[in-house]
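Residue-level structure breakdown
The residues making up each chain are set out below.
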Amino acid sequence: MHENSASFLPMGAALKDIVIRPATEADFDSMWTIFQELIASGDTYYFAAETSRDDCHAYWFGRGIKSWVAVLNTGRLLGMYRLLPNQLDRGSHVANASFMVSPAAQGVGIGKMLGRHCLEQARRDGFLAMQFNYVVSTNVSAVLLWKRLGFSVIGTLPRAYRHKQLGFVDVYVMYKFLADPNDWPEQ
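What you see is a predicted model, and the numbers here were worked out from it, not measured in a lab.

**Some thoughts on the overall build of the protein chain**
For the protein chain, the count of helices and strands is four helices and seven strands. The order of helices and strands in the protein chain, counted from the N terminus, is β-α-α-β-β-β-α-β-α-β-β. Relative to a compact globule of 187 residues, whose C-alpha radius of gyration would be 16 Å, the protein chain shows 17 Å and is just as compact. Once the C-alpha set of the protein chain is aligned to its principal axes, its extents read approximately 50 × 40 × 30 Å. When contacts within the protein chain are restricted to residue pairs at least 6 apart in sequence, those whose partners lie at least 24 apart make up 64%. When the accessible area of the protein chain is evaluated, it comes to approximately 10200 Å², of which 51% is carbon and sulfur surface. Averaging the positions of the 18 positive and the 17 negative side-chain charges in the protein chain gives two centres separated by 4 Å.

Next comes the structure, spelled out in structure tokens:
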């Protein structure tokens, strides 16, 4: 659990007090804050610390991207994910997603809530599988979460991430079927 994780929930609040809903422009200031906090650490995302606000906005609200936020009933934004096709056209049946949880809210189940919601949303949107292209191997909590949610490591990119403290580390490609391939529609 993150050292500040208890502070994100007010006295008496619980995970049941969190809703996941589509992100809006009004959420962006909070999303930008979380984005900046996470990329500054240099240990889980490929973005440079100098990534601009405009580039961040395009990442979360760009064309073809659906973004969702986890919000405490007090209005505090705790985390977010984005969902989109992993590839265009002939690869568009496979989803891709990215997740960020506020450092103050890590370790209490927000990532798991977002992950489950994302998988359900991807199925509703008609995706047949999901692929994560770039999971940093040293991000153990993320790797374990995705494995618990049914993902498999299908490839390793040796030394593909320049970790701020550890230097070059491996990156995983992770994959999960969202529907039995035997039941997939014909072309």
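Having seen the model, we can carry on.
**What to know about the sheet that holds strand S2 (residues 66-72)**
A sheet is described by the order of its strands in space; here seven strands give the open sequence S1-S2-S3-S4-S5-S7-S6, paired in mixed fashion. Unpaired on one side and paired on the other, strand S1 (18-22) and strand S6 (152-163) mark the two borders of the sheet. Put simply, the sheet's adjacent strands are angled 25 degrees from each other on average, direction ignored. Relative to strand S5 (residues 129-136), strand S4 (residues 94-101) runs parallel, the two being bridged by two bridges. Within S5, the position partnered with Val94 by the bridge is Ala129. Of the strands in this sheet, S1, S2, strand S3 (77-85), S4, S5 and strand S7 (167-177) touch helix H3 (residues 110-124), which is tilted by about 30 degrees from S3.

**A short note on the pairing of S2**
Within S2, six of the seven residues are buried, which leaves the element mostly enclosed by the surrounding structure. The pairing of S1 with S2 spans five bridges and is classified as antiparallel. Across the sheet, the residue bridging to Val19 is Val71, located in S2. Here S2 folds back onto S3 in antiparallel fashion, the turn holding four residues, of which Gly75 has a positive phi close to 100 degrees.

**Observations concerning the side chain of Thr44**
If you trace the backbone, Thr44 turns up in the loop between helix H1 (28-41) and helix H2 (53-61). Take Thr44: its relative accessible area is 18%, and that puts it in the buried class. Each residue touching Thr44, except ones within four places of it in the same chain, is listed here: Leu38, Val136, Asn139 and Tyr161.

**Here we look at the pattern of salt bridges**
In total, this model carries four salt bridges according to the counting rule given. Residues Lys16 and Asp17 are paired through a salt bridge, measuring 3.4 Å at the closest nitrogen-oxygen approach. Linking Asp29 and Arg53 is a salt bridge whose minimum nitrogen-to-oxygen distance equals 2.4 Å. You can see Asp29 sitting in helix H1 and its partner Arg53 sitting in helix H2, a full 24 residues away along the chain. We classify Asp29 as partly exposed; its relative accessible area is 48%. Take Arg53: its relative accessible area is 35%, and that puts it in the partly exposed class.

**Quick look at H1**
Between its first and last C-alpha atoms H1 spans 20 Å; for 14 residues at 1.5 Å apiece the expected length is 20 Å, and the two agree. Considered for burial, the residues of H1 that qualify are Phe28, Met31, Trp32, Ile34, Phe35, Leu38 and Ile39. Buried residues in H1, looked at end-on, bunch into an arc of 165 degrees, giving them a common side. For H1, the secondary structure elements touched by its buried residues are H2, S2, S3 and S4.

Cut-offs and rules
Residues numbered from 1 in each chain as written. Predicted model: local features only at pLDDT ≥ 70, side-chain atom pairs only at ≥ 80, totals over all residues. Heavy atoms only, no water. Helix = DSSP H or I, 4+ residues; strand = E, 2+ residues; numbered from the N terminus. Rg over C-alpha atoms; globule rule 2.2 N^0.38 Å. Contact = heavy atoms within 4.5 Å. Areas by Shrake-Rupley, 256 points an atom, 1.4 Å probe, with all protein chains shown as cover. Lys, Arg positive; Asp, Glu negative; His and termini not counted. Charge placed at Lys NZ, Arg CZ, Asp CG, Glu CD. Pairing = 2+ DSSP bridges. Axes fitted to C-alpha atoms, helices over the stretch in contact; angles between N-to-C directions. Buried < 20%, exposed > 50% of the residue type's maximum accessible area, 1.4 Å probe, protein only. Salt bridge = Lys/Arg side-chain N within 4 Å of Asp/Glu carboxyl O. Expected span 1.5 Å × (residues − 1). Arc of directions from axis to C-beta.

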